[in-house]
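# Chains, contacts and geometry: an overview
Residue strings, one per chain:
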Amino acid sequence: MIKEKDPLSEDRTNLKKKTLSVVVSVYNEEQALKECYTEMKRVLDTLSWDHELIFVNDGSSDGSLEVLKALASENPKVKLISFSRNFGHEAAMIAGLDYSTGDGVVCMDADLQHPPECLPQIIQALEEGNEVISMVRTRNQSAGLIKNITSSGFYWLINRISDVHFEPNASDFFAVSRSVAEVLKGNYREKVRFLRGYVQNVGFQKTTLEYEAGVRVAGESKYNLKKLFIFSVNTILCFSNMPLKLGIYAGILSGAAGMAVLIYTLFTRQGAPSGYATIVVLICFMFAMMFLLIGIIGEYIAILFTELKDRPVYIVRETANIEHN
Ligand code: UDP
Ligand code: MG
């Protein structure tokens, strides 16, 4: 039997409030969580959209999980996904995107460095038809000088050697529409990845909003310089094949230098330079270059291997207030 469409029910669905999914990644944030929740809820309750607050517990070893469970049991809009171990901030954001059901999805940190006060602006931008909203930091009060300098150096480099464009100062604070969330869910399942980069390069109607990164409310930063360095190297390798071409350039360069020496020797009719030091320096330099290039190729092979193994991006141990998946 073919059911006739009920025009009234269609109207009702059109009138239904839209929902915003807020994804918050949590790793050992026991001290910050209470304040984070209160502050977010205060803003979320004033919005014109309905909301769901998805906390992703990224294998915290402190009391974060207990705090989150208590929040989920008192408020059904709080959803909890808890990982079996620490999989990293990006994996947590990906899980949040996977489980989100809203018409728009925002990813935020649990330390209130991404001010919830921006949410009304984000909703407005979504309502204006924007599908990707990058939040750009105007100032990061808590990042030290070294972090700020290395961060701008990294963006300068990646924008030069990769064909995609990265917004400098773009953060893990961004919002996407449902359709973009589906694209990210379905097509960007790489194991070595840079989610921010994908968000900025999926296309769609895009806008940027500015915000001032606040000071962490409690606890301490989980990213040290070593982690950031590894992260940056992986990003360069994922978004650029330029390092692989270094071998060709180095080859051309040393070939040209060799030719120049040959021509010089032939024209001046001198014997080969007799310096022992010259030979040793040249050999060291050549070998250093060769090992470096082999190392770079090794890094790419390591990424290929990781992708080939196709291990899960994250493993969920338990959930609360989640109906699907
Ligand atoms: N985080 C995470 N997994 C990790 C490291 C961090 O989920 O392995 C979360 C953390 O709880 C916070 C956000 O990612 O909500 C950003 O981390 P953090 O504030 O330490 O980074 P920073 O703001 O210093 O760059
Ligand atoms: Mg932070």
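Relevant structure appears above.
Residues numbered from 1 in each chain as written. Chains lettered and ligands numbered in written order. Predicted model: local features only at pLDDT ≥ 70, side-chain atom pairs only at ≥ 80, totals over all residues. Heavy atoms only, no water.

In the contact formed by helix 6 (residues 145-161) and helix 9 (residues 225-239), the axes pass within 10 Å of each other and the chain directions differ by 10 degrees. Taken together, the axes of helix 6 and helix 9 lie roughly parallel to each other. Contacts from Ile146, Lys147, Thr150, Phe154, Leu157, Ile158 and Ile161 of helix 6 reach helix 9 at Leu225, Leu228, Ser232, Thr235, Ile236 and Phe239. (Axes fitted to C-alpha atoms, helices over the stretch in contact; angles between N-to-C directions. Helix = DSSP H or I, 4+ residues; strand = E, 2+ residues; numbered from the N terminus. Parallel < 35°, antiparallel > 145°, perpendicular 65-115°, else oblique. Contact = heavy atoms within 4.5 Å.)

Structurally, His114 can be placed in the loop between strand 4 (104-109) and helix 5 (119-127). Excluding residues within four positions of it along the chain, His114 makes contact with Cys107, Met108, Asp109, Ser171, Asp172, Phe173 and Tyr211.

Summarising the metal site, the magnesium ion (ligand 2) is bound by the protein donors Asp111 (OD) and Gln113 (OE1), whose distances to it range over 1.9 Å. As far as the burial class goes, Asp111 and Gln113 line up, both buried. (Donors = N, O, S within 2.8 Å, 3.2 Å for Na, K, Ca; no water. Buried < 20%, exposed > 50% of the residue type's maximum accessible area, 1.4 Å probe, protein only.)

In the Ramachandran plot, Phe204 falls in the positive-phi region, its phi being about 65 degrees despite a non-glycine side chain. With respect to the secondary-structure elements, Phe204 resides in the loop between helix 8 (195-201) and strand 7 (206-213). The class of Phe204 is partly exposed, set by a relative accessible area of 39%. Despite not being glycine, Asn321 shows a phi value in the positive range, around 60 degrees. Along the chain, Asn321 turns up in the segment after strand 8 (316-320). Judged by its relative accessible area of 28%, Asn321 is partly exposed.

Among the 17 residues in the neighbourhood of ligand 1, the closest are listed as Glu29, Asp58, Asp111, Ser221 and Lys222. In this structure, Asp111 approaches ligand 1 through a side-chain N or O atom, which is 2.7 Å from an oxygen atom. Broken down by class, the residue content of the shell around ligand 1 amounts to four nonpolar, six polar and seven charged. (Near = heavy atom within 4 Å. Polar contact = N/O pair within 3.5 Å; in protein donor to acceptor, adjacent residues only side chain to side chain. Nonpolar A, V, L, I, M, F, W, Y, C, P; charged D, E, K, R; others polar.)

All quantities given are derived from atomic positions and should not be read as evidence of function.
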